[in-house]
Amino acid sequence: MPGPLTLGEIVQRLGGRVAGAPDTLVHQVASLEGAGARHISFFTGSRYRAQLAATRAAAVVLGPEAEGETRLPRIVADNPYAYFARLSQLFNPLVVQQPGVHPSAVVAKSANLGARVSIGAGCAVGERVAIGDDSTLYPRVVVYPGCRIGARVIVHSGAVIGADGFGIAEDEGRWVKIPQIGTVRIGDDVEIGANTTIDRGAIDDTVIEEGVKLDNQIQVGHNVRIGAHTAIAGCTGIAGSADIGRHCTIGGAAVILGHLRIADHVNISAGTLISRSILKPGTYTGVYPFDEHSSWARAAAGLRRKGKKNG
Amino acid sequence: MPGPLTLGEIVQRLGGRVAGAPDTLVHQVASLEGAGARHISFFTGSRYRAQLAATRAAAVVLGPEAEGETRLPRIVADNPYAYFARLSQLFNPLVVQQPGVHPSAVVAKSANLGARVSIGAGCAVGERVAIGDDSTLYPRVVVYPGCRIGARVIVHSGAVIGADGFGIAEDEGRWVKIPQIGTVRIGDDVEIGANTTIDRGAIDDTVIEEGVKLDNQIQVGHNVRIGAHTAIAGCTGIAGSADIGRHCTIGGAAVILGHLRIADHVNISAGTLISRSILKPGTYTGVYPFDEHSSWARAAAGLRRKGKKNG
Amino acid sequence: MPGPLTLGEIVQRLGGRVAGAPDTLVHQVASLEGAGARHISFFTGSRYRAQLAATRAAAVVLGPEAEGETRLPRIVADNPYAYFARLSQLFNPLVVQQPGVHPSAVVAKSANLGARVSIGAGCAVGERVAIGDDSTLYPRVVVYPGCRIGARVIVHSGAVIGADGFGIAEDEGRWVKIPQIGTVRIGDDVEIGANTTIDRGAIDDTVIEEGVKLDNQIQVGHNVRIGAHTAIAGCTGIAGSADIGRHCTIGGAAVILGHLRIADHVNISAGTLISRSILKPGTYTGVYPFDEHSSWARAAAGLRRKGKKNG
């Protein structure tokens, strides 16, 4: 972490331009509301105009269309939110855990750890696992045997990578377990949230491509493929053999059924269940609109009557 | 744990009044169906009348309106369910884990543990964490650096407190990670269920106020605030910066989108997705009514036709 | 694991019959697409006809109605998917963890472990737990005190068995905790997925009968009963005291409310919320059909108007 920086020093490193005094000194980022005289904050839209007017920040980051919204010293950047992300990285480490294997972690001898890998307390890393350079496993991550994780990957606590997929075959009222002999392959620059689970493949591998970002408590079934740079919010469930494209965004608590395909550049709204393939970029939604309970009950009863009719 | 108690001794401790023999001796609580001659059970409504008639319990707890429903010795209390909870506490410990730090737990030197704190096997407690008196972490809880937990808090196994929030900014098709520099603050008397995750704030803190009860597998995003004495059932997901009031109840598997506000005393039904602020107390619902598959398919097709019309 | 087998040797062990050269030698199972000359694959329907035509597998398993679909050496079996499962078991171990207690696991002295039980790294097994012969706990499973697990049970990493149920009683705006004094009883041949949670009973026990298969991230509330040979896909939530029958299938991300009953042989579709008892076998569904966002918005607005009318 560097010491304090002037706005002029910041734009030398990150681009953009300064409006107002370039020697304004800032020590840390902050929200508009939480900022004090040593902080730089950011403004991303008219929704926050009142907070901008009231802020005690020393400076702000904003877009060119908002340059006139304040007289504070400011950095003007085309993508102020991404700029702010990089600015915060100047002041703060992305990963707070030191490299090395914590003595309480259990790492198989046959595992292959890259340079500067960090394995937190209580992790379990199985036989023949490979983990690329500069990757971090926070405490209590489990990686089952044979899985491969790329470089600069961050895995948060409680995540389980490579447990058996849900492969069972019905036989005269009993379930026969299908050995899950595939593995999980995770590309570079992936982040995996706390308590997320990614199952190993039934036969072929489950694949998470580079740059994918997974929030907490996501379930990824066996033989799923998630294309590069797709971001998925928390609590989403993805059933087996779903093939999700690149550059998609999937809102929280969505459900993607199995054996279907989602094209690149598809956005799925939170809470939406996807039951068939989506072959065209766009935004897709399917959630029941909530309402006061009595209004909901009337509308729901109407729906059920419609189902019964001509039944 | 005390030995057996008479109904008379119980009302001396907990209030209420005895109808029938006050020297009836009971050793433990039980359900109406599972009770034997040494047990005291409870009756909370006409739905359980058959079980009340058939029970072999020595005594029951019930409300004044139900006093005539049985001839068994009984304790009459205005809130029989809460009374039963306190009665069970007389016979049973609330927490089954001894105070102290299990030798397999990893607690940072800079962490600050209150009196009689119990840290179970395999827990990981990070730098500068503070935990108040009489709190319990069951095995395999992770608390990331800097988080603060109040007194008498119970955290069940697999919970993860303080992992990074899902803060990413899009920049020319790539995701830039925003350092998550806030922490989590948890008030007194909070309970947190197994495998629940509570993310640290992006800049300011995530806040769980006193008396909040969270069931299992709940996801709480960064910068959420949950007001005091709100109870949330399992599998609910709460997106970033949602501000939830005090004394709310949220049913299981609900979804609360981000950057919205929910007033005090709001009840949200199970499975409901909340997509805008709720400013008025009341009960809110939004779930698709289930039906036999064929009836559902007809109603769903009608809905989709309605969406296409005038499109 | 045996060495390679001929088709003739396979049918001697597993039944079915060979069409084509019975001395065809195979070393491992594979998907139609991933197979090479040493592999045997399987074909379960016309959807995969192109892959069957293009496969480089040495042999395939298929049903009698599909016998003419290929000229490859083949095994004809009435239930080709279940046959393939058993065939894969010939070549691959069902469990990849050795018997014994890993030194980093914490097992209470009073726990009772059967023969050949395998307890992985970092597991925590509480007082008076019983685990039957040949059961496997993968790394980081927690079993709270008093729970009983049958024989040949597989529990994946991060699962938590026996945490407190969500038992709270409201008393003048505060929540009173109800001690959870039941346990969890799990039958033989059950499999439990990663990060799944099964709560202990409030008073009586939570019961998972023999042969039940639970996928990842399922939440099972206190006093639930799941009948024998029922299979439940990932992310499903089951509220307290739900009584689910035998031989049911429940799709992923379903929600089963509490205090209701589901008959034997019921199938519930993915994403469906079950709000009342189901007393008749059949398939039940209730999900909002997704659509392009604009079409969805029109249909949803119509639904909300219907709720307001006559309100």
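Our structure's up above, just so we're on the same page.
This is a predicted model, so every value here is computed, not measured.

Notes on unusual backbone geometry
Within the chain, A:Arg128 stands out as a residue other than glycine whose phi angle is a positive 60°. Position of A:Arg128 relative to the elements: it lies in the loop between β12 (124-125) and β13 (130-131). Its identity is not glycine, yet C:Asn195 carries a phi of approximately 60°, on the positive side. Checked against the element boundaries, C:Asn195 lands in the loop between β22 (191-192) and β23 (197-198).

With respect to the pairing of strand β36 (residues 282-285) of chain B
Relative to β36(B), strand β37 (residues 291-292) of chain A is paired through two bridges, and the arrangement is antiparallel. Across the sheet, A:Glu292 pairs through a bridge with B:Tyr284, a residue of β36(B). Across three bridges, the pairing between strand β34 (residues 266-268) of chain B and β36(B) is parallel. In the sheet register, B:Asn267 faces β36(B), and the bridge partner there is B:Thr283.

Structural notes on the relation of the copies chain B and chain C
Of the two same-sequence chains, chain B is brought onto chain C (RMSD 0.0 Å, axial shift 0.0 Å) by a rotation of 120°. Given the turn and translation reported, the copies of this chain are related as if by a three-fold rotation axis. Taking C-alpha positions as the reference, the residue of chain B nearest the rotation axis is B:Tyr288, at 3.5 Å. With a heterologous cut-off of 20% or less, the 18% of interface residues of chain B that recur at the interface of chain C puts this contact in the heterologous class.

Some points on the interface of chain B and chain A
Counting residues at the interface gives 62 residues for chain B and 67 residues for chain A. Where chain B abuts chain A, roughly 5000 Å² becomes buried across the two surfaces, and 61% of that area is made up of carbon and sulfur atoms. Summed over the three residues of chain B that lose the most area to chain A, namely B:Phe166, B:Trp175 and B:Lys177, the buried surface amounts to 13% of that side. Run the count over chain B and chain A and you get five salt bridges.

Considering the pattern of salt bridges
The full count for this structure, using the stated rule, is 42 salt bridges over all chains. In this structure, the salt-bridge partner of A:Lys177 is C:Glu191, at a minimum N-O distance of 2.9 Å. Taken as a pair, A:Lys177 in strand β20 (residues 174-177) and C:Glu191 in strand β22 lie in two separate chains rather than in one. A relative accessible area of 7% places A:Lys177 in the buried class. One salt bridge connects C:Lys280 with B:Glu292, and the closest N-O pair in it is separated by 3.8 Å. Linking C:Lys280 in the loop between β35 (273-274) and β36 (282-285) with B:Glu292 in strand β37 (residues 291-292), this pair reaches from one chain into another. Accessibility expressed as a relative area gives 34% for B:Glu292, which makes it partly exposed.

Description of helix α3 (residues 80-91) of chain B
Residue and element names in this part refer to chain B. Over its 12 residues, α3 extends 17 Å from the first C-alpha to the last, a length consistent with the 16 Å expected when each residue adds 1.5 Å. In terms of burial, α3 is largely enclosed, as nine of its 12 residues are buried. Among the residues of α3, Pro 80, Ala 82, Tyr 83, Phe 84, Ala 85, Leu 87, Ser 88, Leu 90 and Phe 91 are the ones counted as buried.

Considering the packing of aromatic side chains
Enumeration according to the criterion identifies 15 aromatic pairs over all chains in this entry. Geometrically, the ring pair formed by C:Phe42 and C:Tyr81 is tilted, given 5.8 Å between the ring centres and 35° between the ring planes. With C:Phe42 in strand β5 (residues 39-42) and C:Tyr81 in helix α3 (residues 80-91), this residue pair connects regions lying 39 residues apart in the sequence. Taking the relative accessible area as the measure of exposure, C:Phe42 reaches 18% and is therefore buried. Taking relative accessible area as the criterion, C:Tyr81 reaches 34% and is therefore assigned partly exposed. Here the aromatic residues A:Phe42, A:Tyr81 and A:Phe84 are joined through ring pairs into a cluster of three or more. Just above the ring of C:Phe290 sits the side chain of A:Arg276; from NZ or CZ to the centre is 4.2 Å.

Section: the interface of chain B and chain C
In this complex, chain B contributes 67 residues to the contact, which on the side of chain C involves 62 residues. Summed over both sides, the interface of chain B with chain C buries roughly 5000 Å², with 61% coming from carbon and sulfur. Sorting the residues of chain B by area buried against chain C places B:Arg140, B:Gln217 and B:Phe290 first, and these three jointly supply 16% of that buried surface. Across the contact surface, chain B and chain C share five salt bridges. Our count for the contact surface shared by chain B and chain C stands at 26 residue pairs in polar contact (both at pLDDT 80 or more). At the level of secondary structure, the elements contributing two or more residues to the side of chain B that touches chain C comprise β4 (28-29), α3, β25 (213-214), β28 (231-232), β37 and α4 (293-308) of chain B. When residues of the side of chain B that touches chain C are assigned to their parent elements, the largest contribution, eight residues, is made by α4(B). By residue class, the composition of the side of chain B that touches chain C is 30 nonpolar, 24 polar and 13 charged.

A look at the packing of helix α1 (residues 7-14) of chain C against α3(C)
Geometry of a packed helix pair, given as the angle between the helix axes and the separation of the axes. Residue and element names in this part refer to chain C. Here α1 crosses α3 at 110°, and the two axes come no closer than 11 Å. Viewed along their axes, α1 and α3 adopt a mutual orientation that is roughly perpendicular. Side by side, α1 and α3 meet where Ile 10, Val 11, Arg 13 and Leu 14 of the first sit next to Tyr 83, Arg 86, Leu 87 and Leu 90 of the second. The class makeup of the residues in the contact of α1 with α3 is six nonpolar, no polar and two charged.

Observations regarding the relation of the copies chain B and chain A
Expressed as a screw operation, the relation of chain B to chain A combines 0.0 Å of axial shift with a rotation of 120°, fitting to an RMSD of 0.0 Å. Of all interface residues in chain B, a mere 19% are interface residues in chain A too; the two copies therefore contact each other through different surfaces.

A word on the side chain of B:Asp291
Position of B:Asp291 relative to the elements: it lies in strand β37. Classification of B:Asp291 as buried rests on a relative accessible area of 5%. Here A:Lys308 takes part through its side chain, which lies 2.7 Å from a polar atom of the side chain of B:Asp291.

A few points about the sheet that holds strand β28 (residues 231-232) of chain A
Across the sheet, 11 strands lie side by side as β8(A)-β11(A)-β14(A)-β17(A)-β22(A)-β25(A)-β28(A)-β31(A)-β34(A)-β36(A)-β37(C); this open sheet has mixed pairing. Lying at the two open borders of the sheet, with one neighbouring strand each, are β8 (100-101) of chain A together with β37 (291-292) of chain C.

Things to note about the side chain of B:Ser88
Structurally, B:Ser88 is set in helix α3. Owing to a relative accessible area of 1%, B:Ser88 belongs among the buried residues under this scheme.

Topic: the environment of C:Val29
Among the secondary structure elements, C:Val29 is positioned in strand β4 (residues 28-29). Assessed through its relative accessible area of 3%, C:Val29 is described here as buried. Taking the C-alpha atoms as reference, C:Val29 lies 8.3 Å from C:Phe84; in sequence the two are 55 residues apart. Discounting residues that sit within four places of it in the chain, C:Val29 has contacts with A:Ile181, A:Ile203, C:His39, C:Ile40, C:Phe84, C:Leu87, C:Ser88, C:Phe91 and C:Asn92.

What counts, and at which threshold
Residues numbered from 1 in each chain as written. Chains lettered and ligands numbered in written order. Predicted model: local features only at pLDDT ≥ 70, side-chain atom pairs only at ≥ 80, totals over all residues. Heavy atoms only, no water. Helix = DSSP H or I, 4+ residues; strand = E, 2+ residues; numbered from the N terminus. Pairing = 2+ DSSP bridges. Least-squares fit on C-alpha atoms with pLDDT ≥ 70 in both. Contact = heavy atoms within 4.5 Å. Buried area = accessible area lost by both parts, 1.4 Å probe. Salt bridge = Lys/Arg side-chain N within 4 Å of Asp/Glu carboxyl O. Buried < 20%, exposed > 50% of the residue type's maximum accessible area, 1.4 Å probe, protein only. Expected span 1.5 Å × (residues − 1). Phe/Tyr/Trp six-rings, centres within 6.5 Å; stacked < 30°, edge-to-face > 60°. Lys NZ or Arg CZ within 6 Å of the ring centre and 35° of its normal. Polar contact = N/O pair within 3.5 Å; in protein donor to acceptor, adjacent residues only side chain to side chain. Nonpolar A, V, L, I, M, F, W, Y, C, P; charged D, E, K, R; others polar. Axes fitted to C-alpha atoms, helices over the stretch in contact; angles between N-to-C directions. Parallel < 35°, antiparallel > 145°, perpendicular 65-115°, else oblique.

Nothing here speaks to function; it is geometry throughout.
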